[in-house]
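# Breakdown of the fold
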Amino acid sequence: MLEIKEHKDDYIPLRDIVFQKLREAIITGKMGPGDRLMEIKLANEMGVSRTPVREAIRKLETEGLVIMNARKGAVVAPINEGVMKEILEIRKALESLACQLVAAKAHPEDIQRLRDINAAMRKAIDEGDIETITERDVEFHETITALAANSHLTSMLDQIKEHLYRYRLEFIKELKNKYVLADEHDRLVDALETKNAKTAGREIEKHIELQERYIINTLEQVRQV
């Protein structure tokens, strides 16, 4: 259900609230590629008229998260391989820099914080909790970015954050051996702890390259079906 329980801020147009709700549902995987966005159904679920839903869908279309299908109408867009490669290329360069910056100045308590997050991620893997695995993965990487203490770097990563969540979720959901992620995190933290900036940069690059390869393989399998 995508119910809007209350509208606290009268300064925010209802269409924007509906847009954010639908956008979040797509990015977090609650609405997957190919799912239909039916105006009447969504309006009833959210307790609004069809107009803000229609406007929100148009805005989602401009962002590339929704496409118009001749038979089905508005549907959640599939992952675009070209866009994904561009986004992950940017992520790889920025997070490699972040890791190198952190390696030069990380304190023992920072290292322990990263290990604690990764331990929580392992626990979620043990329990098969995809949503929590994804959340801990996001927390791990965003903690590294915060520790880099470079506001412009943080701002640039924030611009692609929502796209990254969608790709990350699809990757984690399909990855058979999810412990690989935690193992790669451990190697990265080891490099940060020994202040080996070059190794830390390379570890994060390999980590992101694995994600890209796996998603591309998954997309190819879908195309062959």
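Please refer to the structure higher up on the page.
The structure reproduced in this document is the subject of the present report. (Residues numbered from 1 in each chain as written. Predicted model: local features only at pLDDT ≥ 70, side-chain atom pairs only at ≥ 80, totals over all residues. Heavy atoms only, no water.)

## A word on the overall build of the chain
Within the chain one finds ten helices and two strands. Order of helices (α) and strands (β) in the chain, N terminus to C terminus: α-α-α-β-β-α-α-α-α-α-α-α. By its C-alpha atoms, the chain is 55 × 45 × 35 Å across when sized along the principal axes. For the chain, the residues scored as buried account for 42% of the 225 residues in total. Intrachain contacts of the chain at a sequence separation of at least 6 include 75% that bridge at least 24 residues. Of the accessible surface of the chain, which amounts to about 12400 Å², a share of 50% is contributed by carbon and sulfur atoms. Here the chain contributes 36 positive and 41 negative side-chain charges, whose respective centroids are spaced 4 Å apart. (Helix = DSSP H or I, 4+ residues; strand = E, 2+ residues; numbered from the N terminus. Buried < 20%, exposed > 50% of the residue type's maximum accessible area, 1.4 Å probe, protein only. Contact = heavy atoms within 4.5 Å. Areas by Shrake-Rupley, 256 points an atom, 1.4 Å probe, with all protein chains shown as cover. Lys, Arg positive; Asp, Glu negative; His and termini not counted. Charge placed at Lys NZ, Arg CZ, Asp CG, Glu CD.)

## Remarks on the packing of helix α1 (residues 14-27) against helix α8 (residues 161-174)
Direction vectors running N to C along α1 and α8 enclose 35°, while the axes themselves pass 9 Å from each other. Contact with α1, carried on its side by R23, I26 and I27, involves E162, Y165, R166 and L169 of α8 and no other residues of that element. Residues of the contact of α1 with α8, tallied by class, amount to four nonpolar, no polar and three charged. (Axes fitted to C-alpha atoms, helices over the stretch in contact; angles between N-to-C directions. Nonpolar A, V, L, I, M, F, W, Y, C, P; charged D, E, K, R; others polar.)

## Describing the packing of aromatic side chains
Under the criterion given, the structure shown has one aromatic pair. Note on F171 and Y214: the rings are 5.8 Å apart at their centroids and 70° apart in plane angle, and the pair reads as edge-to-face. A residue pair is termed long-range when its members are at least 10 positions apart, and F171 in helix α8 and Y214 in helix α10 (residues 197-224) qualify at 43 residues. Relative accessible area serves as the criterion here: at 3%, F171 is assigned to the buried category. (Phe/Tyr/Trp six-rings, centres within 6.5 Å; stacked < 30°, edge-to-face > 60°.)

## Notes on the pairing of strand β2 (residues 73-76)
As a general feature of sheets, a regular strand has side chains that alternate between the two faces. As paired strands, strand β1 (residues 66-69) and β2 are joined by four bridges and run antiparallel to one another. The residue bridging M68 from the neighbouring strand is A74, located in β2. Between β1 and the antiparallel strand that follows it, β2, lie three residues. (Pairing = 2+ DSSP bridges.)

## A word on the environment of V76
Secondary-structure assignment places V76 in strand β2. Between the C-alpha atoms of V76 and D35, which are 41 residues apart in sequence, the distance is 5.4 Å.

## Remarks on the nonpolar core
One finds I144, L188 and L192 to be the most contacted residues of the largest nonpolar core, which totals 42 residues. Among the secondary structure elements, those contributing two or more residues to this core are α4 (81-105), α5 (108-127), α6 (130-148), α7 (151-159), α8, α9 (179-193) and α10. No other element matches α4, which puts eight residues into this core. If we skip the residues at most four places from it in the chain, L192 touches C99, V102, A103, I111, L114, I144 and A200. Of all hydrophobic cores here, the second largest spans 19 residues; its members include V48, I57, L60 and V66. (Core = buried A, V, L, I, M, F, W, Y, C linked by side-chain atoms within 4.5 Å.)

## Focus on unusual backbone geometry
Although it is not a glycine, A149 adopts a positive phi angle of roughly 55°. By the secondary structure assignment, A149 is in the loop between α6 and α7. Judged by relative accessible area, which is 61%, A149 ranks as exposed. Phi at K195 takes a positive value of approximately 60°, unusual for a residue other than glycine. Mapping K195 onto the fold places it in the loop between α9 and α10. Judged by relative accessible area, K195 falls into the partly exposed class, the value being 44%.

## Some words on α4
Its 25 residues give α4 an end-to-end C-alpha distance of 36 Å, which sits within 8% of 36 Å, the value for a rise of 1.5 Å per residue. Turning to α4, its buried residues number three or more, namely E81, M84, I87, L88, R91, L94, E95, S96, A98, C99, V102 and A103. Capping the start of α4, N80 holds a side-chain oxygen 2.9 Å from the backbone nitrogen of G82, two or three residues further along. (Expected span 1.5 Å × (residues − 1). Polar contact = N/O pair within 3.5 Å; in protein donor to acceptor, adjacent residues only side chain to side chain.)

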